[in-house]
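Structure at a glance
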Amino acid sequence: MMKIQPLGSLARTHTCGQLTVEDAGRDVVLLGWVHRLRDLGSIAFFDIRDRHGVTQVVARDNPEIVAAVQRLRPEYVVAAIGRVERRTPESVNPKLATGEVEVALREVRLLNEARTPPFPIADEGPVSEDTRLKYRYLDLRRARMQRNMILRHRATMTTRQYFDENGFLEIETPMLTKSTPEGARDYLVPSRVHPAEFYALPQSPQIFKQILMIAGLDRYFQIVKCFRDEDLRADRQPEFTQVDLEISFATEDLVFATIEPLMDRLLRLIGREAPHPFLRLPYAEAIAKYGSDKPDLRCGMEISDLSAPFRESSFAAFRSTIEGGGEVRGFVVPGGARYSRRELDDLVEQAKGAGASGLVWARWPEGTVQSSALKAAGEETLRAALGAASCGPGDLLVMSAGLHEPTSTVLGGLRLALARKEGLLNPDSFKFLWVVDFPMFQWDEAEGRYEFMHHPFTSPLESDAALLESDPGHVRARAYDLVLNGSEVAGGSIRIHDQALQRLVFRLLQISDEEARLRFGFFLDALEYGTPPHGGIAVGLDRLVALLCGEPSIRDVIAFPKTAQAVDLMAGAPSTVNPRQLRELHLKVD
């Protein structure tokens, strides 16, 4: 049994990913973890690992050192002291940056032992997410997670450097602030010195960054933690990080011209580029063409209006929908003519499950029309629809009928499912676009009132401002989202800087003057002291880095994330607290 030894004055000379043939003959000290072991009897090998890489270490000729290596176990912390040697040509490992050399061991020092991990660190095999999160300190040792953390670090450093070069000031805003709900539930923090009163953790620095513009600081940014007590998905966490910025005297063009070069720099970290300017797509067009306000442009397959061939047709289901104000909408699946009847029946059921009244498919693989509605619609009508959709002989046309937006939305979901099936979502392709001209309000049927689409500080389009009181449902906002491969990675707007307009928007949202004063009084006061026109945006850092890393979940680019139930399995949070703490906070648990 080996005895744990002190590090003493021993110092690392090189990292475990640094040595090359140019270091041959050099005495080195490597510090790290035992990665893999190979015992050949009279010769013993182990790989030593740190976050920089892996180096092979060999013990030979000295039985005592060979025996010491044979007693090591994976994940022991060791110091390897020896001389760098070139490997023989047949033993070179091209998969390692250090694969042309090895360290001939002169001394191995055990710095700490390790229990057998609950999953292998050296292998990237599947491990349940709960196990990974419970033993996050071990999961973070694995190569994939270390690559993700390193890329995240480089992304944040690149971001800070970029904004500094462009005249922005990094300014911290409060973590303990007033509860001003912005659509999700706040995390509340009870005050000990003010009984029955609470701080809130910020959902975003929105009001504070606008106040910084009122303060004349002109260009602000912050890489900031935000908190929202909401139901979680793969791309949501109760605490998340965003790159927040605000610009005085901003226009949409200025905000876009600020963000687009940053995206290009960030993509260059993974050897890609983001040619700009990015495409700009109005919200209404995004819904019409892609059935989504965050469309994935990698697969084409645009949805189009195919009502014309059916307007006077014998197909009663489609004709009556058109007469009732609906549309026939559809898209082409490249190569989809090969689908079996079972696959086509599955598509119909999938569309119905998403809310469609039905789905019609059509194809003409050898010039002969085949369709689920051939008898009802007739060959001539279907040929016209296939031609209108530019559907080729090897392709498949899918169509559904109904009101414009819900029909487009159903087809949008089906479009993405088929794109995945056809392998059309190339993970090495990065397609950015701006979605603009969002509706300013959306009607909440349950509440019987308008809700804001983004947040209540968003300015209306100047051309629509006159409709605010007469027809608010048709007012478009100066809001914009940046979308990458079907994910919203940033969102922002040009803000309201006129207090009278802000009060009007609050009234339209049925926020009384008293409630507005209670929730936003300090901000409304600030608006009276010479507020410049301003606007900004927030980039979801977790979501963007996940896309750069090729990860489907933001949990894999956050060091210590929560589960889908907002639980920290490693630390055991949330948890009960000592009754004394509750008494100090004047709280009682019911």
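The structure reproduced in this document is the subject of the present report. Keep in mind that this is a model prediction, so the values were computed, not measured.

So, how was this worked out
Residues numbered from 1 in each chain as written. Predicted model: local features only at pLDDT ≥ 70, side-chain atom pairs only at ≥ 80, totals over all residues. Heavy atoms only, no water. Pairing = 2+ DSSP bridges. Helix = DSSP H or I, 4+ residues; strand = E, 2+ residues; numbered from the N terminus. Axes fitted to C-alpha atoms, helices over the stretch in contact; angles between N-to-C directions. Core = buried A, V, L, I, M, F, W, Y, C linked by side-chain atoms within 4.5 Å. Buried < 20%, exposed > 50% of the residue type's maximum accessible area, 1.4 Å probe, protein only. Contact = heavy atoms within 4.5 Å. Disulfide = S-S within 2.5 Å. 1 Å grid on protein atoms, 1.4 Å probe; cavity = no way out; pocket = protein on both sides within 12 Å on 5 of 7 lines; lining within 4 Å. Points joined across faces, edges and corners; volume = space filled by probe spheres on them. Nonpolar A, V, L, I, M, F, W, Y, C, P; charged D, E, K, R; others polar. Phe/Tyr/Trp six-rings, centres within 6.5 Å; stacked < 30°, edge-to-face > 60°. Parallel < 35°, antiparallel > 145°, perpendicular 65-115°, else oblique. Left-handed = near helix turned anticlockwise from the far one by under 90°. Salt bridge = Lys/Arg side-chain N within 4 Å of Asp/Glu carboxyl O.

1. Remarks on the sheet that holds strand 2 (residues 44–50)
A barrel is described by the order of its strands in space; here five strands give the closed sequence 1-2-3-5-4, paired in mixed fashion. The average angle at which neighbouring strand axes cross in this sheet is 55°, direction not considered. Strand direction decides the pairing type here: strand 2 and strand 3 (residues 53–59), joined by seven bridges, are antiparallel. Considered in strand 3, the bridge of Arg49 is made with Val54.

2. Some details on the nonpolar core
Within the largest apolar cluster, 40 residues are counted, with the highest numbers of intra-cluster contacts made by Met263, Trp434 and Leu482. With seven residues, helix 6 (residues 252–268) is the largest single contributor of residues to this core. Not counting the four nearest positions on each side in its chain, Trp434 is found in contact with Phe256, Ile259, Glu260, Phe278, Leu279, Arg280, Leu281, Tyr480, Asp481, Leu482 and Ile537.

3. Focus: unusual backbone geometry
Cis geometry is adopted by the peptide bond preceding Pro277, which originates at His276 and carries an omega value of 15°. Following the sequence through the fold, Pro277 ends up in the loop between helix 6 and strand 11 (279–282). Here the bond from Ala573 into Pro574 is cis, since omega is 0°, no more than 30 degrees from zero. Examined against the element boundaries, Pro574 turns out to sit in the loop between helix 15 (541–549) and helix 16 (579–584). Phi is positive for Ala196, which is not a glycine, with a value near 70°. Summarising the element assignment, Ala196 is placed in the loop between strand 7 (187–190) and strand 8 (198–201). On the basis of relative accessible area, Ala196 is assigned to the exposed category, the value being 67%.

4. Thoughts on the environment of Ala546
With respect to the element layout, Ala546 can be found in helix 15. According to the relative accessible area criterion, Ala546 is buried, its value standing at 4%. With residues near it in sequence (within four places) discarded, Ala546 still touches Glu551, Ser553, Ile554 and Val557.

5. A short note on the sheet that holds strand 13 (residues 327–333)
Taking strand neighbours across the sheet as the criterion, the five strands line up as 12-13-16-14-15 in an open arrangement whose pairing is antiparallel. Both outer strands of the open sheet, strand 12 (304–305) and strand 15 (370–371), are each paired with one neighbouring strand and no more. Relative to strand 13, strand 12 runs antiparallel, the two sharing two bridges. Note on strand 13: the bridge partner recorded for Ser304 is Gly330. Here helix 12 (residues 404–421) sits on the sheet and contacts strand 13 and strand 16 (396–402); the angle it forms with strand 13, its principal contact strand, is near 10°.

6. Description of the state of the cysteines
Inspection of the entire model under this criterion finds zero disulfides. The thiol of Cys391 is not disulfide-bonded; the next cysteine sulfur, from Cys299, is found 16 Å away.

7. Some thoughts on the layout of surface pockets
Left-over empty space is what a probe sized like a water molecule reveals as it rolls over the atoms. Quantified by volume, the largest pocket comes out at close to 1300 Å³. If you go around the largest pocket, you meet 42 residues; those closest to its centre are Arg228, Arg236, His454, Glu488 and Arg543. At the level of elements, helix 5 (206–214), strand 10 (239–248), strand 21 (487–494), strand 22 (534–540) and helix 15 are the ones that each hand at least two residues to the lining of the largest pocket. A total of six residues in the lining of the largest pocket trace back to one element, the largest contributor, which is strand 21. Looking at the lining of the largest pocket, its residues break down into 12 nonpolar, 15 polar and 15 charged.

8. Describing the packing of aromatic side chains
Under the criterion given, the structure shown has 19 aromatic pairs. With a centroid separation of 5.2 Å and an interplanar angle of 90°, the aromatic rings of Phe256 and Tyr480 are classed as edge-to-face. Taken together, the positions of Phe256 in helix 6 and Tyr480 in strand 20 (residues 479–484) put the pair 224 residues apart, joining distant regions of the chain. For Tyr480, a relative accessible area of 1% gives the class buried.

9. Topic: the packing of helix 13 (residues 499–508) against helix 14 (residues 513–527)
Helix packing for two helices is described by the angle between their axes and how far apart those axes are. Interaxial distance between helix 13 and helix 14 falls to 11 Å at its minimum, and their mutual angle equals 165°. By the angle between their axes, helix 13 is roughly antiparallel relative to helix 14. Once helix 13 is placed against helix 14, the crossing between them reads as right-handed. Residues Gln499, Gln502 and Phe506 of helix 13 form the contact with helix 14, whose participating residues are Ala516, Phe520, Phe523, Leu524 and Leu527. The residue inventory of the contact of helix 13 with helix 14, partitioned by class, reads six nonpolar, two polar and no charged.

10. Some words on the pattern of salt bridges
Taken as a whole and judged by the stated rule, the model has 46 salt bridges. Here Arg142 ties to Asp139 by a salt bridge, and the two come within 3.3 Å at their closest N and O atoms. Residue Arg142 is classed as buried on the basis of its relative accessible area, which comes to 4%. Across the pair Arg298 and Asp296 runs a salt bridge whose closest N-O atoms are separated by 2.6 Å. Residues participating in the shared-partner salt-bridge network are Arg132, Arg136, Asp139, Arg142, Arg144, Glu551 and Asp556.

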